[in-house]
Amino acid sequence: VTGGRNAGHRSADFCDAWEMDLVWVTNDGPVGWEKRGRVTDMGHAEYVEHGADKRQPKTCPFREPEEVLAFDAVQEYGLPDFGQLVAFYEKSYRDGQAARPRQVVPGGYYKTIVSGAIEAFGWDMLLLAAADRERFEKVLDSIFRLSLHHFRAWAKTSIKAFICHDDMVWAGGPFVEPDFYRRVIFPRYRRLWAVLKDAGKKVLFCSDGDWSMFVDDIVWAGADGFIFEPLMALEPIVRKYGRSHVIVGSNVDCRTLTWGTRDEIQAQIDSTLKLALPCPGFMFAVGNHIAVNVPLENALFYFDYLRRHWHRNDGEKGKRAKGKRGRKA
Amino acid sequence: MGRAGSLRFNDAPPGTRLAAARAGSDWRRRRSVGAKELLEQIKEAVINGKRKDSAALCQQGLAQNAPAADMLNLGLLEGMQEVGRRFRAGEFYIPEVLVAARAMNAGLEVLKPELAKNPPKKLGRVVLGTVMGDLHDIGKNLVGIMLTGSGFDVVDLGIDVSPAKFSEAAVSNKACAVAMSALLTTTMVNMKDVIGELRKSGFKGKVIIGGAPVTQEFADKVGATRLAWTRCTCASRRDWRTPNTATTPLSSVT
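Residues numbered from 1 in each chain as written. Chains lettered and ligands numbered in written order. Predicted model: local features only at pLDDT ≥ 70, side-chain atom pairs only at ≥ 80, totals over all residues. Heavy atoms only, no water.

*Asks:* Requested: an account of the overall build of chain A, with residues and values cited.
*Replies:* Tallying secondary structure elements over chain A gives 12 helices and 8 strands in all. Of all 329 residues assigned to chain A, the portion counted as buried reaches 54%. For chain A, the proportion of contacts with a sequence separation of at least 24, taken over those separated by at least 6, is 72%. For chain A, the computed accessible surface area is about 14900 Å², with 51% contributed by carbon and sulfur atoms. (Helix = DSSP H or I, 4+ residues; strand = E, 2+ residues; numbered from the N terminus. Buried < 20%, exposed > 50% of the residue type's maximum accessible area, 1.4 Å probe, protein only. Contact = heavy atoms within 4.5 Å. Areas by Shrake-Rupley, 256 points an atom, 1.4 Å probe, with all protein chains shown as cover.)

*Asks:* I'd like to hear about the packing of aromatic side chains, residue by residue, with values.
*Replies:* Counted by the stated rule, this structure contains 34 aromatic pairs over all chains. Judged by centre distance (5.3 Å) and plane angle (50°), the rings of Tyr189 of chain A and Phe205 of chain A are tilted. Of this pair, Tyr189 of chain A sits in helix α7 (residues 178–198) while Phe205 of chain A sits in strand β5 (residues 202–206), placing them 16 residues apart in sequence. Phe205 of chain A carries the same exposure label as Tyr189 of chain A, and that label is buried. Each ring, one from Trp259 of chain A and one from Phe218 of chain B, has its centre 6.0 Å from the other, and the planes form 40°; the classification is tilted. Residue Trp259 of chain A is found in helix α10 (residues 254–259), and its partner Phe218 of chain B is found in helix α9 (residues 216–222); the two belong to separate chains. A relative accessible area of 29% means that Trp259 of chain A is categorised as partly exposed. One cation-aromatic arrangement involves Arg190 of chain A over Trp220 of chain A; the distance from NZ or CZ to the ring centre is 4.4 Å. (Phe/Tyr/Trp six-rings, centres within 6.5 Å; stacked < 30°, edge-to-face > 60°. Lys NZ or Arg CZ within 6 Å of the ring centre and 35° of its normal.)

*Asks:* Explain unusual backbone geometry to me, and be specific about the residues and the numbers.
*Replies:* Unlike most non-glycine residues, Glu19 of chain A shows phi in positive territory, near 50°. Turning to its location among the elements, Glu19 of chain A is positioned in the loop between α1 (9–17) and α2 (65–69). The residue Asn65 of chain B is not glycine, and still its phi comes out positive at about 65°.

*Asks:* Account for the pattern of salt bridges, with residues named and values stated.
*Replies:* The final tally for this structure, using the stated rule, is 33 salt bridges over all chains. Each of Asp72, Glu137, Asp141, Arg145, Arg183 and Arg188 of chain A takes part in one network of salt bridges that share partners. (Salt bridge = Lys/Arg side-chain N within 4 Å of Asp/Glu carboxyl O.)

*Asks:* So what about helix α5 (residues 94–117) of chain B? Which residues, and what values?
*Replies:* Taking 1.5 Å per residue, 24 residues should reach 34 Å; α5 of chain B reaches 34 Å between its end C-alpha atoms and fits that length. Of all the bends in α5 of chain B, the greatest reaches close to 55° and is centred on Leu111 of chain B; the proline Pro113 of chain B follows between one and four positions later. (Expected span 1.5 Å × (residues − 1). Bend = angle between axes of the 7 residues up to and from the residue.)

*Asks:* Requested: an account of the layout of surface pockets, with residues and values cited.
*Replies:* By volume, the second largest pocket is sized at about 480 Å³. In terms of lining residues, the second largest pocket is bounded by 20 residues, among which Pro65, Leu128 and Ala131 of chain A together with Gly49 and Val99 of chain B are the most central. (1 Å grid on protein atoms, 1.4 Å probe; cavity = no way out; pocket = protein on both sides within 12 Å on 5 of 7 lines; lining within 4 Å. Points joined across faces, edges and corners; volume = space filled by probe spheres on them.)

*Asks:* Describe the sheet that holds β5 of chain A, with residues and values.
*Replies:* All names here are of chain A. Strands sit in the order β1-β2-β5-β6-β7-β8 across an open sheet of 6 strands; the sheet is parallel. Among the strands making up the open sheet, the edge pair consists of β1 (107–109) and β8 (283–284). Relative to strand β6 (residues 225–227), β5 is paired through 3 bridges, and the arrangement is parallel. In the sheet register, Phe205 faces β6, and the bridge partner there is Phe226. (Pairing = 2+ DSSP bridges.)

*Asks:* Before we move on, could you go through a negative patch on the surface and cite the residues and values that matter?
*Replies:* A cluster of acidic residues, Asp263 and Glu264 of chain A together with Glu217 and Asp220 of chain B, forms a negative patch on the protein surface. When contributions to the negative patch are tallied by element, the ones reaching two or more residues are α11 (262–276) of chain A together with α9 of chain B. As for its position among the elements, Asp220 of chain B is in helix α9. Of the residues examined, Asp220 of chain B reaches a relative accessible area of 52% and is grouped as exposed. (Patch = residues over 30% accessible without salt bridge, like charges linked within 9 Å, V, L, I, M, F, W, Y side chains within 5 Å. Lys, Arg positive; Asp, Glu negative; His and termini not counted. Charge placed at Lys NZ, Arg CZ, Asp CG, Glu CD.)

*Asks:* Break down the nonpolar core for me, citing the residues and quoting the values.
*Replies:* Formed by 112 residues in total, the largest nonpolar core has its most connected members in Met168, Trp193 and Trp211 of chain A. Judged by nonpolar contacts, the second largest core, of 25 residues, contains Val161, Val178, Met188 and Val222 of chain B. (Core = buried A, V, L, I, M, F, W, Y, C linked by side-chain atoms within 4.5 Å.)

*Asks:* Quick rundown of the packing of helix α7 (residues 163–172) of chain B against helix α8 (residues 190–200) of chain B? Include the residues and the values.
*Replies:* Residue and element names in this part refer to chain B. One can describe the packing of α7 onto α8 by two numbers: an axis separation of 8 Å at closest approach and a directional angle of 40°. The pairing of α7 with α8 is recorded here as oblique in orientation. Two packed elements cross with a definite hand, and for α7 against α8 that hand is right-handed. Contact residues: α7 offers Pro163, Ala164, Phe166, Ser167 and Ala170, while α8 offers Asp193, Val194, Glu197 and Leu198. Here the contact of α7 with α8 is composed, by residue class, of 6 nonpolar, 1 polar and 2 charged. (Axes fitted to C-alpha atoms, helices over the stretch in contact; angles between N-to-C directions. Parallel < 35°, antiparallel > 145°, perpendicular 65-115°, else oblique. Left-handed = near helix turned anticlockwise from the far one by under 90°. Nonpolar A, V, L, I, M, F, W, Y, C, P; charged D, E, K, R; others polar.)

So, to be careful, I would describe these as geometric facts and stop short of saying anything about function.
Set out below in structure tokens:
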């Protein structure tokens, strides 16, 4: 569900009322890049009434691809004091978990590699620079080195799970050839995640766009689970990895929630539940979020129907088999 | 010059072939080998994204009295057509398209003063923009690049464009098509308002919609002529002639 960032305790109450299990959260440190060096625009929507995006797009401070290719993220933004960083992350986790005691509050990092490049350069300049793959790899490596510092700090905290976010592909798939991902990006994910996994943290990978073709690579890199958008081919992935990996997603599409009929919403829930049944666990999430323009009655229908059907045994439908919350599929 | 030795017109935009052939025939007759080489070099400079080379070669062509229309249609635009083909074939990716477009534009800047004296015929004019409330324009920009590279005149209205502005621009520019995109599910609904406004104004051209959340079903529902555009399909002339062909939504930043 998007929004509610400043809603304080009401947001926590909402999470409880909707029986949410996982809070999607990332934290890239106490000081934003914009205060440390040059940044452009990640392109995140800032919703106002009626769902319009009214953020102020920033101008890219890099005028030529050459400037991007000479960029080093560690030099530009610097590495924060490690001890202070660990303390900051630990506090943010503990505060977040205390505010939402009935949800899993993970650690997380947003600008892992590609998203870091988007934040620094914006897509236009990033893509122009990426035409020189060899030198662009060095730029991405510098973002990786910066991220590694933060991942090491997160590994020292008491989090149980970690969301690694990186918008590495587009809706149409990879923006450069798949070999580049396999040679440059995924081995670096593996090194980043090894730090967390060695410390006993579970790593959930999250990216916008369609990365169906890379799921095996993400597993190779060490992800314990995936957070999906509706562009992903959910069924084959759940069939292959649903028993061994955490799946956060569903066939329910926010466009259906916004404009679809109840039958259509119900069909998407049913098809996901069918997929989820053989899995030891499954986290139901609406791809692309439940956005601000989803009619309330559709959102309520979605949740009510889901809650009535997420139990494994139909005979126990509605029963609270495990404490107050029942046993979800 | 015999047929076997003539320049290839196969991939040049159809509306521009005749003008290019007429304007450049003397030059090509006089300097057949050099002309062909120069046009090939311009084309290669675009394909390889060599901005400085593209500008220098166009400058060289002008110094040799080569028709600007030839260099545009048979050099720069042919280069972009090849880039589009390789992109659709998965041989090129988005960075290659962008650097090629920069190379094309660098050559175009050199040719502009000459082209202004005798403007080449375009395939048509397309009005382009993101719908009101939506600021995501990388996909829209790519579409503009490929439309330009295919011989269309593009009027880019930018981002966050109101239905009235789309409509006014379509009418005042005598556009053959309006192309609009949205990345957000919250803003894609505004396409319907744009189409309503266009129809109210009497606009009879094609309406193309695109963006990550847009589907063929949605296109049909809002009354768009067609859903465009992935892998530059909106700029593929074959697609352009089959207006209701469903294609995958445009690759977009999400």
